[in-house]
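So the chains spell out like this:
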Amino acid sequence: MKHKKVKIGQAQVDYFFDSNLTSLSRITDKKSTILVTDEHLVTAHPQKFSSWKTIVLKPGEKYKTQATVDDIVSQLIGLEADRNTTLVGVGGGVVTDLTGYLASVYMRGIRFGFVPTSILALVDASIGGKNGVDVGVFKNIVGTIRQPSFLLHDHRLLASLPEMEWINGFAEIIKHACIRDAAMFRELEDHSIPFFQRNKKALADLIRRNTLLKTKVVQLDEFEKNERRLLNFGHTLGHALENQYNLTHGQAVAIGMVFASRMSEKITGFRQAERVGRLIENYQLPTAISYDRDKVFEVLKMDKKRARKEMNYVLLQKIGKGVVHSLPLDYLRSQL
Ligand code: NAD
């Protein structure tokens, strides 16, 4: 088990890379630990959960709500969870976001950790301490920022991850490469999802690299004042498209990244939008869809990154270097 201690703000987080869920009992005492997971994970890996107290959620974003939180709180009370209890979220980003939030508010805060099981949760959602729930169409509108005590990676769990979720997760890996890691961008160009599915070592290296990349960004800026904003590359248009056009998150972000790359060519002198588009296509993601400009702009302008009549937009200066530019809303609308 490869272990690394990471400091984020005041918190210390233990990262256990390339580990095994069976090693969890070495990190946290079984008697005082409760796992939170979803039905897909328990169905695919029943033996991994059999000796732990486990709360099993219905899978999917539509259950990332306060109602689910209330339900879990009742179950925690039933299990006599107290201030010494540790909660461990074993699942995709929905499970980790919910578990982090619950652990932040249950009895005003208890210890928690994550075993992320989707590519997206491994390289993104489990890192950085943002957690919370959705209210109606407003994603992550309620939540806290609180770091987990540990992350444990067990890549064997990926054996059951649906193909579409691999593709979704790679959209975030491509995002990381675009904003901060030109060498990783080139490595991605040389390979494909099937390559990483076959080569466990290459996959483990890629996940570790992405985990550390996001960690570094969060360490520089835990509360999203500067550097952390770069992680929104592709997400401003992406979020505006996601709910309205029945796209997955990865597909919507992919289209957003191509749009931002093209706009970068006009604003920063970036010259490689074609290359970004090609990589996205190679990872089975779309580069464009036709959409209703007015409808999309209405949602886009409500983005959290807006300040009065300007929007902080993440662009590329070159591959591996993201930059934030403040763009007038009128200009943005004209580019859609
Ligand atoms: P998810 O948790 O819904 O998982 C996607 C699907 O894959 C679900 O059906 C889940 O049951 C299934 N699944 C996950 N791992 C599996 C496995 N190993 N085997 C079989 N099935 C498996 O979604 P996600 O894509 O992992 O995460 C998306 C969520 O993450 C969103 O709610 C988003 O807001 C959040 N997120 C949070 C952050 C953050 O910083 N906190 C960052 C990015 C995304």
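Residues numbered from 1 in each chain as written. Predicted model: local features only at pLDDT ≥ 70, side-chain atom pairs only at ≥ 80, totals over all residues. Heavy atoms only, no water.

Let us look at a nonpolar patch on the surface. Together, Val135, Val137, Phe138, Ile141 and Val142 give the surface a local cluster of nonpolar side chains, amounting to about 460 Å² of exposed area. If you trace the backbone, Ile141 turns up in strand β8 (residues 138–145). Assessed through its relative accessible area of 51%, Ile141 is described here as exposed. (Patch = residues over 30% accessible without salt bridge, like charges linked within 9 Å, V, L, I, M, F, W, Y side chains within 5 Å. Areas by Shrake-Rupley, 256 points an atom, 1.4 Å probe, with all protein chains shown as cover. Salt bridge = Lys/Arg side-chain N within 4 Å of Asp/Glu carboxyl O. Helix = DSSP H or I, 4+ residues; strand = E, 2+ residues; numbered from the N terminus. Buried < 20%, exposed > 50% of the residue type's maximum accessible area, 1.4 Å probe, protein only.)

This brings us to helix α7 (residues 163–180). With 18 residues, α7 should cover 26 Å at 1.5 Å per step; its first-to-last C-alpha distance of 26 Å lies within 8% of that length. Burial of α7 is extensive: 14 of the 18 residues sit out of reach of the surface. (Expected span 1.5 Å × (residues − 1).)

Taking strand neighbours across the sheet as the criterion, the seven strands line up as β1-β2-β9-β6-β5-β3-β4 in an open arrangement whose pairing is mixed. Edge positions in the open sheet fall to β1 (2–8) and β4 (53–57), since each of these has one partner strand only. When strand polarity is set aside, the average angle formed by the axes of neighbouring strands in this sheet is 20°. Where β1 lies against strand β2 (residues 11–17), seven bridges are found, and the strand directions are antiparallel. For Ile8, the partnering residue across the bridge sits in β2 and is Ala11. Packing against the sheet, helix α5 (residues 93–105) makes contact with β3 (33–38), β4, β5 (86–91) and β6 (111–116), and its axis sits at approximately 165° to β5. (Pairing = 2+ DSSP bridges. Axes fitted to C-alpha atoms, helices over the stretch in contact; angles between N-to-C directions. Contact = heavy atoms within 4.5 Å.)

The packing of two helices is summarised by the inter-axis angle and the distance between the axes. Helix α13 (residues 273–282) packs onto helix α8 (residues 182–190) with a crossing angle of 50° between their chain directions and a minimal axis gap of 10 Å. Comparing their axes, α13 and α8 come out oblique. The crossing of α8 and α13 is left-handed. Contact with α8, carried on its side by Phe185, Arg186, Leu188 and Glu189, involves Arg275, Val276 and Leu279 of α13 and no other residues of that element. Along the lines of polarity and charge, the residues of the contact of α8 with α13 split into four nonpolar, no polar and three charged. (Parallel < 35°, antiparallel > 145°, perpendicular 65-115°, else oblique. Left-handed = near helix turned anticlockwise from the far one by under 90°. Nonpolar A, V, L, I, M, F, W, Y, C, P; charged D, E, K, R; others polar.)

Attention now moves to the site of the ligand. Residues in close proximity to the ligand total 24 residues, the closest being Asp38, Glu61, Gly93, Ser118 and Ser160. In this structure, Val94 approaches the ligand through a main-chain N or O atom, which is 3.0 Å from an oxygen atom. Compared with its free state, where it exposes 860 Å², the ligand has 87% of that area covered by protein. Contributions of two or more residues to the shell around the ligand are made by α2 (39–44), α5, α6 (119–125) and β8. Its residues assigned to classes, the shell around the ligand comprises eight nonpolar, seven polar and nine charged. (Near = heavy atom within 4 Å. Polar contact = N/O pair within 3.5 Å; in protein donor to acceptor, adjacent residues only side chain to side chain.)

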